[in-house]
Amino acid sequence: MKIKFNWGAGIVLAFLFFMGFILYFVIKVQSDHKYDNELVIDEYYKQERILQAQLDKEQNAALLQDKVKIENNQEEIKILFPEGFDVKQISGKVSLYRPSNQALDFEMPISLSQPYLLIPKSSLAGGRWDITIDWEYQGKGYINKEMLNL
């Protein structure tokens, strides 16, 4: 008996092999726990409150008439807080995040005697830095974010 192979049979065989290939990977991903990528977090409502608080702080900062300014000078980064605020009542932290190297990330507390905070560049590597200023004044929270290239 001679089996005749034509275009129709070739297309059906190719389709069956493709379906088998896809089915193999679907079963492999479903059964192997290293491919588990859950999008839902365990403490969803807690994370939602944290995110909402951060959004509220960002909006508070955006509504300020005199905004926080970041000056990139030769020797330092100067963070200027709004004029008219009592510097002794400003508290919080400044986070410097280096996307290319987590080991260089650091935080520093905000402790002011002048209406500005200086961060010396001698302790910073050149390149991109994301600066987050999370601060509070008279019980109201603010967050300012900016990206700098040194």
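Structural data are supplied above this passage.
Residues numbered from 1 in each chain as written. Predicted model: local features only at pLDDT ≥ 70, side-chain atom pairs only at ≥ 80, totals over all residues. Heavy atoms only, no water.

Draft legend 1. Structural detail: the sheet that holds strand 3 (residues 90-97). Across the sheet, which stays open at both edges, the 4 strands sit in the order 4-3-6-7 with antiparallel pairing between neighbours. The open sheet has two edge strands with one neighbour each: strand 4 (106-109) and strand 7 (140-149). Ignoring strand direction, the axes of neighbouring strands in this sheet form an average angle of 15°. Each of strand 6 (128-137) and strand 7 is contacted by helix 2 (residues 44-63), which is oriented at about 80° to strand 7, the strand it contacts most. (Pairing = 2+ DSSP bridges. Helix = DSSP H or I, 4+ residues; strand = E, 2+ residues; numbered from the N terminus. Axes fitted to C-alpha atoms, helices over the stretch in contact; angles between N-to-C directions. Contact = heavy atoms within 4.5 Å.)

Draft legend 2. Geometry of the packing of aromatic side chains. Within this structure, the stated rule accounts for 7 aromatic pairs. For the pair Phe-81 and Trp-135, a centre-to-centre distance of 5.4 Å together with 75° between the ring planes defines the contact as edge-to-face. Of this pair, Phe-81 sits in the loop between strand 2 (76-80) and strand 3 while Trp-135 sits in strand 6; the two residues are 54 residues apart in sequence, bridging distant segments of the chain. Classification of Trp-135 as buried rests on a relative accessible area of 1%. Centroid distance Phe-85 to Tyr-137: 4.1 Å. Interplanar angle 15°. Geometry classified as stacked. Of this pair, Phe-85 sits in the loop between strand 2 and strand 3 while Tyr-137 sits in strand 6; the two residues are 52 residues apart in sequence, bridging distant segments of the chain. (Phe/Tyr/Trp six-rings, centres within 6.5 Å; stacked < 30°, edge-to-face > 60°. Buried < 20%, exposed > 50% of the residue type's maximum accessible area, 1.4 Å probe, protein only.)

Draft legend 3. Structural view of the sheet that holds strand 1 (residues 69-72). Reading across from one edge, 1-2-5 is the order of the 3 strands in this open sheet, with antiparallel pairing throughout. Each edge of the open sheet is held by one strand with a lone partner, namely strand 1 and strand 5 (116-120). Across this sheet, the average inter-strand angle for adjacent strands is 15°, counted without regard to direction. As judged from the 4 bridges shared by strand 1 and strand 2, these two strands associate in the antiparallel manner.

Draft legend 4. Examining the side chain of Asn-144 more closely. Assignment of secondary structure puts Asn-144 in strand 7. Among residues more than four places away in sequence, those in contact with Asn-144 are Ala-61, Val-68, Ile-131, Thr-132, Ile-133 and Trp-135.

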